[in-house]
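# Results of the structural survey
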Amino acid sequence: MRNYKFRLYPTVQQESRLQNNLNVCKWVYNKFVEKAQKSFLSRNDMNYILTELKQSEPWLYNYHSKMLQMVSTQLEGAEKANIELIRIKKHRDTPDNIKQVIVTKSKSCKWYACLTCELVKVNPPKIDFTKAVGIDVGIKSFVYDSDGYQTPNPLNLKKMLKPLVRVQRKVSRRVKGSNNRLKTIRHLQRIHEKITNKRKDFQHKLSSTYANHYDVVFVEDLQLTNMVKNHKLAQNIMDSSWGTFLQKLEYKCKLLIKVPARNTTIDCSRCGSKVPKNLAVRIHSCNKCNLVIDRDYNASINILQKGLKIFNQNKLPQELREVTPVEISMRSMKQEDNTFRCW
Ligand SMILES: [Zn+2]
């Protein structure tokens, strides 16, 4: 099963119908919340209550029963035909066997259709372990990989924070319940959405690049929850959102393997001796073998080596890595007002 999301462009009439459906779902949802406050409701209970509700509120029969059963602020466009009516921006092809359609409305009043499609089983792809890469995710560089390429952290939120704070302040100055306040809130929601979209776009582009160039990607098995406890880091972590990046990477790559994070920053990737360093130290400098490289680069090579070991593949010695021509085309990735080299 796989989900595809498309933007919808309903006509005024269609939109009012969608909005009406959404309102009914909310109404039913609130009824459930009301009942659930008294006792726990199972799914069966809710379906039973729904049947009762329909008897007392016969107008509910006008709505598709499956839609009502989904009970959430999302609506189920139960008849797929409904969607084919509405103008839809299909930016990609989907398999024909659509199992479910969920229509949602974003905070800035855009409509989307999320299609759940069943994928036909394909043979597992052949894995070429010479096309393996280790990647280290971090604060300074969003990604540093074992081939020596780094992608800076876009830090979208920081850039957008100024207008966000400005509009937020504007909202608090407006009279509660006024039309102007509503307008400003919409503006604020649009900014939030823009940030989210920018981040998604960045993550999609980067994960696709890795998935296209490599057969195997090794990453650290990060304990994100532990790291977020450190408040200074929290904002950056939330912002760079590696979790969602790794998710995208996982479904795009032929193979994504998480390796234990233990000692990946401390170990010397050339000789294996321990070189302890705190977060402020950006350079890995080994006294034993004189290797001096970026700490994240060192970590990514360790991640690659750990990963290859799992599959009993030969370790690639540092010396060899340095003379092996890396067959990666140079490619620049453009991020709005922030052009950086990625490959
Ligand atoms: Zn060393």
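Summary of the structure given here. (Residues numbered from 1 in each chain as written. Predicted model: local features only at pLDDT ≥ 70, side-chain atom pairs only at ≥ 80, totals over all residues.)

## Some remarks on the nonpolar core
- Counting 28 residues, the largest nonpolar core has Val217 and Phe218 as the members making the most contacts within it.
- For this core, the element with the highest residue contribution is helix H10 (residues 295-310), accounting for six residues.
- Apart from the residues lying within four places of it in its own chain, the contact partners of Val217 are Val133, Ile135, Tyr210, Leu249, Cys253 and Leu256.
- In terms of nonpolar packing, the next biggest core, distinct from the first, is built from six residues, Leu8, Leu18, Val103 and Trp111 among them. (Core = buried A, V, L, I, M, F, W, Y, C linked by C-beta atoms within 7 Å. Buried ≥ 20, exposed ≤ 12 C-beta atoms within 10 Å, placed from the backbone. Helix = DSSP H or I, 4+ residues; strand = E, 2+ residues; numbered from the N terminus. Contact = placed C-beta atoms within 7 Å.)

## Description of unusual backbone geometry
- Located in the positive-phi region is Asn263, a residue other than glycine, with phi close to 65 degrees.
- Here Asn263 lies in the loop between strand E10 (255-260) and strand E11 (283-285).
- Residue classification places Asn263 among the partly exposed positions, given that 13 C-beta atoms sit within 10 Å.
- A positive phi angle is found at Asn290, which is not glycine, with a value near 65 degrees.
- As for its placement among the helices and strands, Asn290 is situated in the loop between E11 and strand E12 (292-294).

## What to know about the sheet that holds strand E9 (residues 216-221)
- Pairing is mixed in the open sheet, where five strands are placed in the order E8-E7-E6-E9-E10. The two strands at the open ends of the sheet, each matched to only one other strand, are strand E8 (150-152) and E10. Ignoring strand direction, the axes of neighbouring strands in this sheet form an average angle of 25 degrees. (Pairing = 2+ DSSP bridges. Axes fitted to C-alpha atoms, helices over the stretch in contact; angles between N-to-C directions.)

## With respect to the environment of Lys258
- Along the polypeptide, Lys258 turns up in strand E10.
- Here Lys258 falls in the partly exposed class, since 14 other C-beta atoms lie within 10 Å of it.
- Residues contacting Lys258, with those up to four places away along its chain left out, are Val219 and Asp221.

## Description of the pairing of strand E4 (residues 98-105)
- Here seven bridges tie E4 to strand E5 (residues 111-117), and the two strands are oriented antiparallel to one another. Counterpart to Val103 in the pairing with E5 is Ala113.
- Taking the residues between adjacent antiparallel strands as the criterion, E4 and E5 are bridged by five residues, where Cys109 takes a positive phi near 70 degrees.

## Focus: the packing of helix H6 (residues 179-213) against helix H9 (residues 242-252)
- With their axes 9 Å apart at the nearest point, H6 and H9 run at an angle of 40 degrees to one another. Considered as vectors, H6 and H9 are oriented oblique to each other. As H6 runs across H9, the sense of the crossing is right-handed. Between H6 and H9, the contacting residues are Gln203, His204, Ser207, Ser208, Tyr210 and Ala211 on the first element and Thr244, Phe245, Lys248, Leu249 and Lys252 on the second.
- Here the contact of H6 with H9 is composed, by residue class, of four nonpolar, five polar and two charged. (Parallel < 35°, antiparallel > 145°, perpendicular 65-115°, else oblique. Left-handed = near helix turned anticlockwise from the far one by under 90°. Nonpolar A, V, L, I, M, F, W, Y, C, P; charged D, E, K, R; others polar.)

## Topic: the pairing of strand E1 (residues 2-9)
- Strand direction decides the pairing type here: E1 and E5, joined by seven bridges, are antiparallel. Across the sheet, residue Leu8 finds its bridge partner in E5, namely Trp111.
- As defined by bridge partners, E1 adjoins strand E3 (residues 87-89) across three bridges and the pair is classed as antiparallel. Pairing of Leu8 across the sheet is with Ile88, part of E3.

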